[in-house]
Structure formats: structure tokens, C-alpha cells
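Listed below, chain by chain, are the residues.
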Amino acid sequence: MTADSNTINIAIQHRPNKSRVQTFCLDLNLQLPGKGITAIFGESGSGKTTLLRCLAGLEKMLGGEIHVKGLVWQSGSKIKPIHERRVGYVFQESSLFPHLSVEQNIDYGVKRSPVMLSKPNYEKIIELMGLYSLLERFPEQLSGGERQRVAIARALLIEPDILLMDEPLASLDGRRKQEIMPYLESMHEKLDVPIIYVTHSIDEVARLADHLVVLQGGTVMAEGPLGEVLANTDLPIKLGEDTGVVFEARVAERDDDWNLLRAEFLGGELWVRDGGDSLDQSIRIRVLARDVSLALSAHTDTSIINRLWGRIEKIHEDEDRAMLLVRLVVGEVRLLARVSRRSAHQLAIKIGDEVWAQIKGVAILR
Amino acid sequence: MFSEGDVTAIFLTLRLATTVTLILLVLGAPLAWWLARTNSRLKGPIGALVALPLVLPPTVLGFYLLLALGPNGPIGQVTQSLGLGTLAFSYSGLVIGSVLYSLPFVVQPLQNAFEAIGDRPLEVAATLGASPIDRYFSIAVPMAKPGFFTAAVLGFAHTVGEFGVVLMIGGNIPGETRVVSVQIYDHVEALAYDEANRLALLMIVFSFLVLLSVYSLRKKSQRQILSFGS
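Given the structure is predicted, the values throughout are model-derived calculations rather than measurements. Counting from 1, residues in each chain are numbered in the order their sequence is written. All chains are assigned letters beginning at A, and all ligands numbers beginning at 1, according to the order in which they are written. At least 70 in pLDDT is required for a residue's local features to be given in this predicted model, at least 80 for side-chain atom pairs to be given and counted, and no such filter applies to totals for whole chains, interfaces and linings, which use all residues. Values reported for side chains reflect all heavy atoms of the structure, with hydrogen atoms and water molecules removed beforehand.

S.K.: An account of helix H10 (residues 180–189) of chain B is needed here, citing residue identities and associated values.
M.R.: All names here are of chain B. Exposure categories follow from relative accessible area, calculated using a 1.4 Å probe and restricted to protein chains: below 20% of the type maximum is buried, above 50% is exposed, and the middle band is partly exposed. Secondary structure elements are defined from DSSP: runs of H or I of at least 4 residues count as helices, runs of E of at least 2 residues count as strands, and each element is numbered from the N terminus. For H10, the buried fraction is high: seven of the ten residues fall into the buried class. Within the span of H10, buried status applies to Val180, Ser181, Val182, Gln183, Ile184, Asp186 and His187. Phi turns positive, to about 60 degrees, at leucine 191, one or two residues after H10.

S.K.: Let's hear about a nonpolar patch on the surface: which residues, and what values?
M.R.: A contiguous nonpolar patch, built from B:Val205, B:Phe208, B:Leu209 and B:Leu212 and spanning about 390 Å² of accessible area, is present on the exposed surface. Mapped onto the fold, B:Phe208 is located in helix H11 (residues 193–220). A patch is a set of surface residues, each over 30% in relative accessible area and not in a salt bridge, joined within 9 Å for like charges and within 5 Å for the nonpolar side chains Val, Leu, Ile, Met, Phe, Trp and Tyr. The method behind every accessible area is Shrake-Rupley, applied with a 1.4 Å probe, and residues are considered shielded solely by the protein chains displayed. Here, a salt bridge means any Lys or Arg side-chain nitrogen found within 4 Å of an Asp or Glu carboxyl oxygen.

S.K.: Requested: an account of the pairing of strand S5 (residues 71–75) of chain A, with residues and values cited.
M.R.: Residues and elements named next belong to chain A. Whether two strands pair comes down to DSSP finding at least two bridges between them. Inspection of the sheet shows strand S4 (residues 65–68) paired to S5 by four bridges, in the antiparallel sense. By the bridge assignment, isoleucine 66 is partnered in S5 with glutamine 74. Between S4 and S5, which pair antiparallel and follow one another directly, the connecting turn spans two residues, one of which, lysine 69, has a positive phi of 45 degrees. Inspection of the sheet shows S5 paired to strand S6 (residues 78–79) by two bridges, in the antiparallel sense. What sits directly across from glutamine 74, in S6, is isoleucine 79. Counting the residues between successive antiparallel strands, the hairpin from S5 to S6 contains two residues, one of them, glycine 76, with a positive phi of roughly 60 degrees.

S.K.: Residue-level account of the nonpolar core, with values.
M.R.: As used in this record, nonpolar core signifies buried Ala, Val, Leu, Ile, Met, Phe, Trp, Tyr and Cys residues forming a set joined through side-chain atoms within 4.5 Å. Judged by nonpolar contacts, the single largest core of 75 residues is most densely connected at A:Ile10, A:Leu164 and B:Phe114. The leading source of residues in this core is helix H5 (residues 91–117) of chain B, at twelve residues. Here, residues are in contact when the closest pair of their heavy atoms is within 4.5 Å. Those residues in contact with B:Phe114 that sit more than four places away from it in its chain are B:Ala29, B:Ala32, B:Trp33, B:Ala36, B:Tyr136, B:Ala140, B:Val141, B:Ala144 and B:Phe148. The next biggest cluster of nonpolar side chains, apart from the first, holds 35 residues, and it includes A:Ile106, A:Tyr122, A:Ala155 and A:Met181.

S.K.: I'd love a proper account of the packing of aromatic side chains, names of residues and values included.
M.R.: Stacked, edge-to-face and tilted are the three classes for Phe, Tyr and Trp ring pairs, Trp counted by its six-membered ring, which pair at centre distances within 6.5 Å; planes under 30 degrees apart are stacked, over 60 edge-to-face, the rest tilted. What the rule picks out here adds up to twelve aromatic pairs over all chains. Measuring from centroid to centroid gives 4.7 Å for A:Phe247 and A:Phe265, while their planes differ by 45 degrees, and the two rings are tilted. On the criterion of sequence distance, the pair formed by A:Phe247 in strand S12 (residues 244–255) and A:Phe265 in strand S13 (residues 260–265) is long-range, its members being 18 residues apart. In this structure an aromatic cluster arises from ring pairing among B:Trp33, B:Phe114, B:Tyr136, B:Phe137 and B:Phe148.

S.K.: Explain the side chain of A:Thr199 to me, using residue names and the numbers behind them.
M.R.: All names here are of chain A. Summarising the element assignment, threonine 199 is placed in strand S9 (residues 195–199). Judged by its relative accessible area of 2%, threonine 199 is buried. We define a polar contact as two N or O atoms separated by no more than 3.5 Å, with the added condition that, inside protein, one atom must be a possible hydrogen donor and the other a possible acceptor, whereas residues neighbouring each other in sequence contribute only through side-chain atom pairs. Of note is the side chain of threonine 199, whose polar atom sits 2.9 Å from the backbone nitrogen of serine 201. Among all residues touching threonine 199, those that are not within four sequence positions of it are Ile40, Phe41, Gly42, Lys48, Glu167, Glu204 and Val205.

S.K.: Explain the environment of B:Gly164 residue by residue, including any values.
M.R.: Residues and elements named next belong to chain B. The residue glycine 164 is located in helix H9 (residues 164–169) in this model. The exposure class assigned to glycine 164 is buried, which follows from its relative accessible area of 16%. For the pair glycine 164 and leucine 61, spaced 103 residues apart in sequence, the C-alpha to C-alpha distance is 9.0 Å.

Structure follows, in C-alpha cells:
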């Protein structure tokens, strides 16, 4: 394994002591990008949290390699103690020290950090997480979402080499999740610390991740840039109604009459609802497979405004036996369409055919 | 109201209990911390050993301490070779005996308080750069504060209330080993029931107030589990 200063390299073969399943073994070999958000996605029991704990050093491994951006955290039996690694860790549930105020909680890490944190940086993060009015309070006086924001700020303020987040939204209800999401997104934009984000929510993956690792039973089932992995029809984890693709686009035109934006991407353009994004801004678009239907000719007598011309690359059985999952190549982008087996038969589509994809719904994620 | 002998006994008792409580907090906290955190196979045996004074008659503990502290006992030989003489029937011997006898009353509430903290806050502290010793002082001790209060109060009160061990290894030397409980016994032996009554009532009021303070604190911090034996 090479110690690359721009990547995170992990080689683990570990059987946790406290595992509920006796035979569970985390067995993986990963090279992750040293920037952006990498989502670790999987069902419960797939080893997501164990992976994170191994990375941080909270779970003692007898062997294995962990290299973070050129720093050796573990090499065989040579293990760097947790408190000497600069690792930010945000736990699933609130993990603030109850006997300390918000400010003291934040300062706990800052005081012990080997690097002096610059004041503007400190203020930037407090501002980013919206904590100015909360500094004097104690954890019990905060809402769940506020507590998680404090925990995130506390982890960021030690200027970690890597930020590990273990389902940080799982303990929050729907509204609080929506409340904290923008903070996570702006963190992604404004900070350059690599983030490893564990989740079992495909919505969080679609909104936040740049890179995706799919875990099942302790091993890696799929891994790569988000768009590629989501468009992979062989994905062992069935997403059902949530199957779909995500890609980046750019706002090219604003149509004030109809309140729409024209978004360009490598291979085409889509009209999307005007959510206030400014011209030239990069947006992330999600198209669910169930919102895409196929036609052999361009229909103009429908209410659907988005039609893309693409070539069929793959036809895959769906978990639902009445349905098929069809993958199209549209320029540089992959689209998935979920169509019934009967319509596929009637249209007589096969790999290599060129078809119109009619897109009923497009979501802007950010 | 109290005779000079009574007052001497009261102050001796308070001095003994304070000394013993302080020693126990210093020694008992790390022991309780270890018992709360370890996965060692020794956890069971050590825990049982600490709890022994809860079930043993004080005479048993006192008897073996007497042998150990005496001129032919292992501790006695060490203290003699250091020129300290033997510790049996002395204030120092009484302190040693009381420390052992009150040990579970301090260790168990502390152990419960440390266990109630759980792994998470300590893991968080570790990721924020705190070394193991730092974690103990900055997280474990402050979070276990109610446990320290309970431990101190129970350790103090239990030392005040002991009788058997004192009689076995301390005897009955005024100003040295004659504590309140022994003084009461002396009054009764001398058929001085009024004096005995006054001291005994004092003990009842004192003990009641001590337990009241512990139990009302327990109500306030629900998670703090009080556990003590006899």
C-alpha cells in the first residue's frame, strides 16, 4: 500500500469482539479520495460503524493498515493512539459532555489540539454551524438538532485530518433533519476536510456524497464516484422506489414566465423548477428511475417537458418481477428507467436501441 | 450536656472518620474506576474482596488485622523494623482497620457512578485529543460527582458507626481509640443509661441526617444509583 498524501488508504480484516453476529468479519481494502464526502452506505449490521470505529482507533485491530493523507495511523501492530490522531468524530446520538456548556464542549478539543487554531477559522465554524447564540447554554437546554451542530463544530474545530460522521442525522426527526442538512451542505462547500459519512439513508447519500462505498456483510459491494455507483444496476442493495441517478448540472437560463430553470449537463439539458439558484451555479440533480418512461418517438402531446434522447446500455431484472430496470447513456450521464416488463416487450427494446426518455420528475438536491 | 470524655470521643470519631474518608476517596476512586472499566478476569475476585466487609462480622476482620498488625504479624514486623512499633491498639491501626472496613461503602457508589457514564463520553474525549489520565480527570471525575458525594457521605457515616473492628484492634484508649460507639458501650457497662442515651440519640440524629442527604440527592440525579449493603 502506498502512502499517498491525497488519499485515504484502508486495509482491514477485523472481527469485532462485541459483535452480535459471531461470524461477522470486516474485510475490506479501500482507497478513498482525500477530499469531499465519501458516504458509507449499507443496511444495519453491514459493518459501517465498525469501519468508522476502526478508522478512528476506537476499535482495536490486531493488524491492518490505515493511512490518512500520508499519515500512518496503523501499520500492522504499530498503532497510533486515538488521542494522538487528529480525527473528528460525530456520533449518532448526542455526545456532548453534559457537565460542560456549549462553549466549554467546543473548547475541550481546541485546548488539546496540537495546532493553534486561528481565530477567524474558529469564528467561521461557529458561524457556519449557527452557534453564536448557543455558546452559554448547556446540552440539556438544546434541541437534538442543535446538539448535533455543536458536536459537528466541536469535531471540526480540532482541525482534523479527517472527519468521521456516524449517521449524524439518524437520531433526529424529519424536520430537524431538514434543519441540519443545509449546515452539512455548506460544510461540504466551504471546508476542505475529507468527510466519511456513514448512513443507511439513500436520500442523505444523494444529497451529500461525492463518493460512495456500499457495504454488505462487512465487505465492499460497490465503490466509486456517486453517479457511477448509483447507475450501477447490479447494486446488491435494492433501493426499490428510491432507485435513481444523481448528476451535476449548471444553471444556464432562467425563464421567469414559467418559473423554470434550464439546467445543462454533459449530454443534454433539463427544465427544472426555479428554486432561486443563480445563473451559472452548479446544481445537483436527482432523477428517480420510476419517474422515467421510455418512448420510441418524441411525443409532443404530453404534459412532460423533459425528453432526452439516449441509447440503451443495459436491461436488468428488477426486484419486482413485473418491472425491468433500463440503463440509458445520455451523453456523459447515465439514466435509469423503471418500466414494466410488458411495455418493454411491446416496444421490443433491446440493448443498443435508441429511445426517448420522458422524465416526469426532477429534483434539485442542492 | 456531654461529659469531657464524651466530647473527646466525639472529636476522635470525627477525626477518624474524616481521615478515613479522605484516604478512601483517594485510594477508592482509581480502584472503582478500574472495576468499572476492566474486562480483566480479576474483576470478579477483586470486586468480591472489596465487598467482603459488607458480609463479614467485624470480629473476623478485626481478628486477622490484629494478627497482621501484632508483633509477629507481617505488617507488625515491617512497622517494627521501621521503628514505629506495632500499630495494634493505636490510632493509626484504627485508621487502617476502618479503611478496610468502609472500603465497599466508598468503592461501590463510585463504581456505579463510573459505570453509569458509559463508554461514549470517554470515546468522544479520546477523539478530541485527551489522553487516558486526562479523560479520567476531565470527564470521569466531574461526571461522577454525585457518586463521589454519596461515597464520601457513606464512607464517613459508616466509619462513625463502626464498633466491632474498633474493639478488636483499637481497644478502648481515651483520646486514642475510644470512639463514640465504644464510649456508649462503656456507659452501658457502667449502667450510666442517661449518658448512653444522650450519645445514642446523637448517633441516631446524625445517621438520619446523613442518609436523608444522600437520598434527597439521589432523587435529584436519577441516574445515580446508590448501592450499599448492610
